[in-house]
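Working through the structure, step by step
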Amino acid sequence: MIRDELETLSDTVEEEHSVEACTKCTACNTVCPVARSTEVFRGPKFLGPESERYRDPHETSVTAGLDLCSGCKLCEVTCPSQVSIQEYIRRAQNKGAQENGRTLRDWVLGHTRLLSRFGSLTAPLANFGNRNPLFRLLMERFVGIHRRRPLPKYQWLTFEGWFKRRPRRNAPTRRTVAYFYGCWVDFNERRLGQQVVAVLERNGIEVIVPRQQCCGIPAVVNSNTDLARRYGVENVRRLSALPAGVDIIASSTSCGLMLKHDYAHLLDIPGAESVGSRVYDICEYLWMLHEAGELKLDFQPVDTRVLYHAPCHLKSHGIGYPAMRLLRLIPGVRVEEVDEGCCGISGTFGVKVEKYDLSMKIGSRLFEAVKAAGSDSVLADCETCRMQVEHGAGSRSAHPIDILARAYGYR
Amino acid sequence: MPDTSTGVVVIGGGSTGAGVLRDLALRGIDAILVEKGDLASGTTGRSHGLLHSGGRYCVNDLAAAIECVEEGRILRRIAKTTVEDTGGYFVSVSQEDEAWEPRFVDGCKTAGITCERISVEEARRREPALSTQVRTVFWVPEDGHLDPFYLVIGNVESARRRGAQVRTYTEVTGFVKNGNRVAGVISRDTVTGEETTIGCQAVINATGAWAGFVARLLDVEVKVVPVKGVMVVLSRRLAHAAINRCHKPGDGDIVVPGLSVAILGTTAVKVAHPEVLPIESDEVRLLIEEGAKMLDGVTTARAMRAYAGVRPLYDLGAQAEGREMSRNFAVIDHEERDGIAGFASIVGGKVTTYRLMAERVTDLVARRLGVTTTSTTAEVPLNDREDEMDQLRHRPAQLGVPKPHGEELALQPLLCECELVRPQDVEPWVTDPAVRTLEDLRRRTRAGMGPCQAAVCSYRLAGRLVTDRGVDGRTATRAMADFLETRWRGVRHVFWGSQLRQAQVTAGLHLELFNVDRQLQFEGDDPRRAGLFTVPAEVEAVGQP
Amino acid sequence: MRCDIAVVGSGLAALVATRTLQRAGRDPVLIWPGLSSLYFLYATVDVLGYANVTTAQPVEQPVTGVRQLIADHPDHPYARAGLAALQDGSSLLLEWLREAGFNWQGTLAHNLLLPTATGTPKPSCLVPTSMVAGDLQRDEPIVFCGFDGYQDFIPELAASNLSRAWNGGRRTVTAVRVPLPGIKPDRLFTSIDLARSFEDATFRRDVAGRLRRAVRDDGARLGMPAVLGLTHDTDVHAEFEKESGHPVFEIPTLPPSVLGLRLFDRLRRHIQETGVEMIWAAPAHQAEVANGRCLRIHLKSAGREQPVEARAFILALEDAVDGAWRAGVQTVRDPFFHRVLAHHANPTERTDESLFQPQPFAAIGYPVSDRLQPIDEDGRPLASNVFVAGGAIAGYDPTGIKARGGMAIATGYRAAQEAMAA
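Residues numbered from 1 in each chain as written. Chains lettered and ligands numbered in written order. Predicted model: local features only at pLDDT ≥ 70, side-chain atom pairs only at ≥ 80, totals over all residues. Heavy atoms only, no water.

Considerations on the interface of chain C and chain B
Of the residues lining the interface, 70 residues belong to chain C; the matching set on chain B comes to 62 residues. Taken together, both faces of the contact between chain C and chain B bury some 6,000 Å²; the carbon and sulfur share is 59%. At the junction of chain C and chain B, the tally comes to four salt bridges. Residues Asp152 of chain C and Arg460 of chain B are paired through a salt bridge, measuring 2.8 Å at the closest nitrogen-oxygen approach. Linking chain C to chain B there are 34 residue pairs in polar contact (both at pLDDT 80 or more). (Contact = heavy atoms within 4.5 Å. Buried area = accessible area lost by both parts, 1.4 Å probe. Salt bridge = Lys/Arg side-chain N within 4 Å of Asp/Glu carboxyl O. Polar contact = N/O pair within 3.5 Å; in protein donor to acceptor, adjacent residues only side chain to side chain.)

Some thoughts on the sheet that holds strand 14 (residues 202-205) of chain B
Residues and elements named next belong to chain B. Pairing is mixed across the open sheet formed by six strands, whose spatial order is 10-3-2-14-22-21. Each of the sheet's edge strands pairs with one partner strand only, and the pair in question is strand 10 (165-167) and strand 21 (329-333). Going across the sheet, the axis of each strand differs from the next one's by a mean of 15°, ignoring polarity. Of the pairings in the sheet, the one linking strand 2 (residues 8-11) to strand 3 (residues 31-34) comprises four bridges and is parallel in character. Bridge pairing in strand 3 links Val9 to Ile32. Seen against the sheet, helix 1 (residues 15-26) touches strand 2, strand 3, strand 10, strand 14 and strand 22 (343-348) and runs at an angle of roughly 170° to strand 3. (Pairing = 2+ DSSP bridges. Helix = DSSP H or I, 4+ residues; strand = E, 2+ residues; numbered from the N terminus. Axes fitted to C-alpha atoms, helices over the stretch in contact; angles between N-to-C directions.)

Quick look at the confidence of the model for chain B
Per-residue pLDDT for chain B averages 90, and the proportion of residues at 70 or more is 92%. Across residues 526-545 of chain B, confidence stays below pLDDT 50; counting only partners more than four residues off in sequence or on other chains, it has 56 contacts. (pLDDT = per-residue confidence, 0-100.)

Quick word on the state of the cysteines
Residues and elements named next belong to chain A. Scanning the model with the defined rule gives zero disulfides over all chains in all. Of the cysteine sulfurs around Cys255, a residue in no disulfide, the closest is that of Cys215, at 3.8 Å. Of the residues examined, Cys255 reaches a relative accessible area of 7% and is grouped as buried. (Disulfide = S-S within 2.5 Å. Buried < 20%, exposed > 50% of the residue type's maximum accessible area, 1.4 Å probe, protein only.)

Some details on the environment of Arg492 of chain B
Position of Arg492 of chain B among the secondary structure elements: in the loop between helix 15 (473-491) and helix 16 (497-513). For Arg492 of chain B, a relative accessible area of 15% corresponds to the buried category. Residues Arg492 of chain B and Val134 of chain B lie 358 residues apart in sequence; the distance between their C-alpha atoms is 32 Å. Setting aside chain neighbours within four positions, we find Arg492 of chain B in contact with Pro347, Thr348, Thr351, Asp352 and Glu353 of chain C.

Examining the packing of helix 20 (residues 356-373) of chain A against helix 21 (residues 383-393) of chain A
Residue and element names in this part refer to chain A. In contact at an axis separation of 9 Å, helix 20 and helix 21 are set at 75° when each is read in the N-to-C sense. Classified by the interaxial angle, the pair formed by helix 20 and helix 21 is roughly perpendicular. Along its contact with helix 20, which presents Tyr356, Ser359, Met360, Leu366, Phe367, Val370 and Lys371, the element helix 21 presents Gln388, Val389, His391, Gly392 and Ala393. Counted by class, the contact of helix 20 with helix 21 contains seven nonpolar, four polar and one charged residues. (Parallel < 35°, antiparallel > 145°, perpendicular 65-115°, else oblique. Nonpolar A, V, L, I, M, F, W, Y, C, P; charged D, E, K, R; others polar.)

Thoughts on the pairing of strand 3 of chain B
Residue and element names in this part refer to chain B. Residues Ala31 and Leu33 of strand 3 are buried on one face, and the alternating residues Ile32 and Val34, pointing to the opposite face, are buried as well. Remark: the strand 2/helix 1/strand 3 crossover connection has right-handed handedness. By the bridge criterion, three bridges tie strand 3 to strand 10 in an arrangement that is parallel. Paired with Val34 across the strands is Arg167, a residue of strand 10. (Right-handed = clockwise from strand over helix to strand, strands pointing away.)

Focus on the pattern of salt bridges
Enumeration over the complete set of coordinates arrives at 98 salt bridges over all chains. Between Asp338 of chain B and Arg337 of chain B there is a salt bridge whose closest N-O contact spans 3.1 Å. Owing to a relative accessible area of 30%, Asp338 of chain B belongs among the partly exposed residues under this scheme. Note on Arg337 of chain B: relative accessible area 39%, which makes it partly exposed. Close ionic contact of Asp46 of chain C with Lys122 of chain C constitutes a salt bridge, the shortest N to O distance being 2.8 Å. Of this pair, Asp46 of chain C sits in the loop between helix 2 (37-41) and helix 3 (62-72) while Lys122 of chain C is found in strand 5 (residues 121-124), placing the two residues 76 residues apart along the sequence. This pair shows no difference in class: Asp46 of chain C is buried, exactly as Lys122 of chain C is.

Notes on helix 20 of chain A
Because an α-helix completes one turn every 3.6 residues, residues spaced three or four positions apart along the sequence face the same direction. Residue and element names in this part refer to chain A. Over its 18 residues, helix 20 extends 25 Å from the first C-alpha to the last, a length consistent with the 26 Å expected when each residue adds 1.5 Å. By the largest-angle criterion, Gly363 marks the main kink of helix 20, which is about 50°. All of the buried residues in helix 20 are Tyr356, Leu358, Ser359, Met360, Ile362, Gly363, Leu366, Phe367 and Val370. Tucked into the core, helix 20 has its buried residues touching strand 5 (304-308), strand 7 (377-379) and helix 21. Where helix 20 terminates, the next one or two residues include Gly374, which has phi positive at roughly 60°. (Expected span 1.5 Å × (residues − 1). Bend = angle between axes of the 7 residues up to and from the residue.)

Regarding the pairing of strand 7 (residues 142-147) of chain C
Residues and elements named next belong to chain C. In terms of burial, strand 7 is a largely internal element, six of the six residues being buried. Here strand 7 shows two buried faces, one formed by Ile142, Phe144 and Gly146 and the other by Val143, Cys145 and Phe147. When strand 7 meets strand 8 (residues 173-178), the two strands line up parallel, connected through six bridges. Paired with Ile142 across the bridge in strand 8 is Val173. In this view, the connection linking strand 7 to its parallel neighbour strand 8 by way of helix 7 (residues 155-165) has right-handed handedness. Alignment of strand 7 against strand 9 (residues 221-225), held across three bridges, turns out to be parallel. Across the sheet, Val143 pairs through a bridge with Leu222, a residue of strand 9.

Side note on the side chain of Glu50 of chain A
When you line up the elements, Glu50 of chain A lands in helix 3 (residues 44-52). With a relative accessible area of 2%, Glu50 of chain A lands in the buried category.

Quick notes on the sheet that holds strand 17 (residues 340-343) of chain C
Residues and elements named next belong to chain C. One open sheet holds the three strands; their spatial order is 15-16-17, and the pairing between them is antiparallel. The open sheet has two free edges, formed respectively by strand 15 (326-327) and strand 17, since each of these has just one partner strand. As judged from the two bridges shared by strand 15 and strand 16 (residues 331-333), these two strands associate in the antiparallel manner. Across the sheet, Arg326 pairs through a bridge with Arg333, a residue of strand 16.

Here is the structure:
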């Protein structure tokens, strides 16, 4: 009802991110990395606000062109009207997949965790296969994953496995955090998880590791928000059961964004908002500690010149670049931001056979800038960004925590 | 000597007039339609867009309800390119509504309207936006959305293909009489002022709310009561089907989704003149509040514009007011009633029953002309072209896919991005002499009908006027400004939220980036005048080096 | 998070304020909810085009015009900001543009008269070099150039209008249209696509050649849509002039505005490269005030509100476009202090009958003191360390007088000065 006492019509959450708020400024299309790299993509303005007016739950989904959306969310970040353009695209894709069926690749990529577990269990073999040209040719032919895309190495010992076997620590702690490590750390980069734990424990924080399911973002961007929702419900259930006062940390910007935002807004999971409000990106959390005077500043100098590449999803967090702030605290570190937009891989987008070339084209500006800078490594808080930079620029890439861990003398 | 001669002159370019023209053409009778504005610029173009199942009338006006049922079925057959078969729901939100239900159910039964009660859960599954206030739901599959513009244009084009002629911006100023028989029509081009006489054997007055004015030219009285109805357009459809309130018909009790919008309506206020239709802020508020009772999201939806239409209620002599008057129609045989031969009026009615109205009055006139062919408008389909409405609904799917373009793939350009109008949709109309303003173009293509209300496409259309039609810059700029002003008139009444923000973008673009306000000032014309453009006698040489 | 001074907004006012703070050795953080109209409506910095909304006479010397305006309207945002803020802010901006690799020209002492996409003369003050050759105070004939299939600039329309409006119709204005190499007219391409294409030397040379052949008048200057490059625009423009053999000037077109995009992108990058942190996607609201000072504002970040503590805050959001206020059906509220900024029984009251006249809604905003602090009904500042710049200020209507850029610079600069002293 419209009453005088009612807050403005624009004050409700729906209105703020509503597709109807679009004022046709076309800013989204100009920042879209896909639209700027190919002529056959109509852009977020069309796939989001314009098409949405014609989408009807009773009619078959309009999915034409949706698959070219890489899911980087730069459109949302720049929209003056804060339209959640991505959400409309994902919902339409999901509905389309429900109507037309999903491909094998949709299934494979959507079930990243499952496949990663398999890869981890068969680690030496899986890693061999992933580098074997014949195997990759078959994979390209039957699954649709580009043969030249380097696939991550699997580790037999998972992060969870490692964490479970660690001896209990008895040092007194001021805070406790729950670490949402994500599939990547678990199966591909245990060391990152170990560094995260080390840095937190060094600062007097107890780390607990709840059981967790995939955050669901691979499913979201592979036309399966239904699956993502199932994962999300499970994660929210477990995370809600954490004792009060325990914050949740994520070291992947995409996992973090799912937990913070998409569980509630895209997937409508009950209880997700209160879980989301407890989630921090690891650098965000450490900076918060620093402002509270709780961050240990006894860093050893780390003599390095690094570039920092802010992942697209980090921008959606709306927290700025806490990694940059932290890195500036460490003596010896010379860090410069490399601002060339999207790296191009955007999660599973760039592994697809028909998207690989496009993803390399999107990232080409970044690659050139990295090569030209000649720094020791490129830091990025997102694992697929790191993969892409290593592949496209031939440069080492690490999570910013790597520098912090070294500054604390960790291994 | 008349300048032209024909069999019948049809006055009025709304649904009735267009339907009459087509009926005449199908019977092989020569006819010319004259309309003082543009086609569908009167009542029809401002209708709610509801293809009535009759459920609304079945309790208090059984005859009207039965007409709707029958005509609805016919239109679905012959005019399906202009119909979106959405179905409709009648919902109760209060105890008073619940008391109305048995009468509603009986009325539907008597009128032969399919009506099925469904559970609220099932209804919400089909229409997730149904409000929590909804207590009872009836599914009425024969409600639908009828696009008034495609309907009128479709009828007119069908008639023109069979030799009929149409003159828009042509106002009837008098009649030529031969004793007591009407022998011709004196008309005036409202833009150039040029007068023409059209000789004819009969005249059909299909001017709806203006019927009285035309009749007066023959000193005959036709008492039409203009009753205004205000509507609010929301920038997207919140529901698939029409949502009606199950109660005694009142204000704001229908929400009609169609294509990409939902229209809230309507009110009923007697007015003095069919062209003076003020929109009161109370009416706008009421429509939103009433709509919100039935559908969630109405109060937080983006309101795009408000507009007012006028019902042509025929005063049968009773004391009945406004809505209470019958929506039935009447054919007035002026030979019988007033001793004037060759003149008939068709009054009352609604868009849904236009075809029947047209048939009845054409029957009368054809009989008098000695033509024995009966009407075939109930059988012959309106359009042998592709399904318009379907095309529009599926336009996003087409546009998302690149098409082969020489050796590569490319996407199609859009002229109006809000309404997905392509340049090729606009091109045939830009040079059509019947199109005199960009509003006329809008009616035929939907360009400018989206959330940005022509902010972007108005410049592109002005460009087309110059490049395709040879109009000079001054006229094209004024056409663009007039178009924006007309859109603005409707936007002002819903000036809050996103539409207010949009206006800042529109004003920023046209006044700051383009400096159009100073351009208009320089030209010396009053920018408030929504005018017309013509190809000037001396086209200014733009000059090609 | 804590910072020195928080600047909220992404338009010219916010950018100028941030740069001012940076140059003074302070440590600003720039917080923005999304792009502003700088991105899609700006092309030039207009300081004062007309002395009032009704006169047809363009202002010749903006600085003189502004001085007069301040004298006549002591409550105008220009008056509150002060002429010095306009002057110093403009110098700061021009210097910044140079440092950021732009090539802009202009002084406050002189307005150019540039044709718009409708062929309408418009006074502008500080402009990219690529637009300078369009000044109607020069004599050379003008040929407007368009491209087959490009619908965002119609040279014939512009030529027809300008030939009447320019110097009493005594100057020659014509139009040409050429096809683009490799781009067929019935396929989708946008201004941005074109701008990128023009960065390719082969494409550019080809188009230049076509125009050279199409334009007979050797002494003419060419008016083109603003598509001469996206990131390397300076070089592209210079090269294109050489290759076409004519002076060339750009004209801003329908959104997306390539000119605005160039401006925003480069300035944003420069500011980040020089150490200013930008917080993207963070709509701001909710000022927490205690003892007359604002302690913090809140950002609607993902998942959770993020408090931002600072010594001072500059609210440089623009009207309703990016969140300075929200307009309900009758009530307009401010999201920081939750005050009612305006109330209209009938929303129509916010508008004029004509779109082309000044609009009452432009007056909506935060009433401010002479120090640009938001004030209550009694004129008392709501917080001593909060300052408002740009469109959020009440009574801020640059549209009729064409003063958007100038007002943004002046208020942004002044707000920064005041914030430093707070």
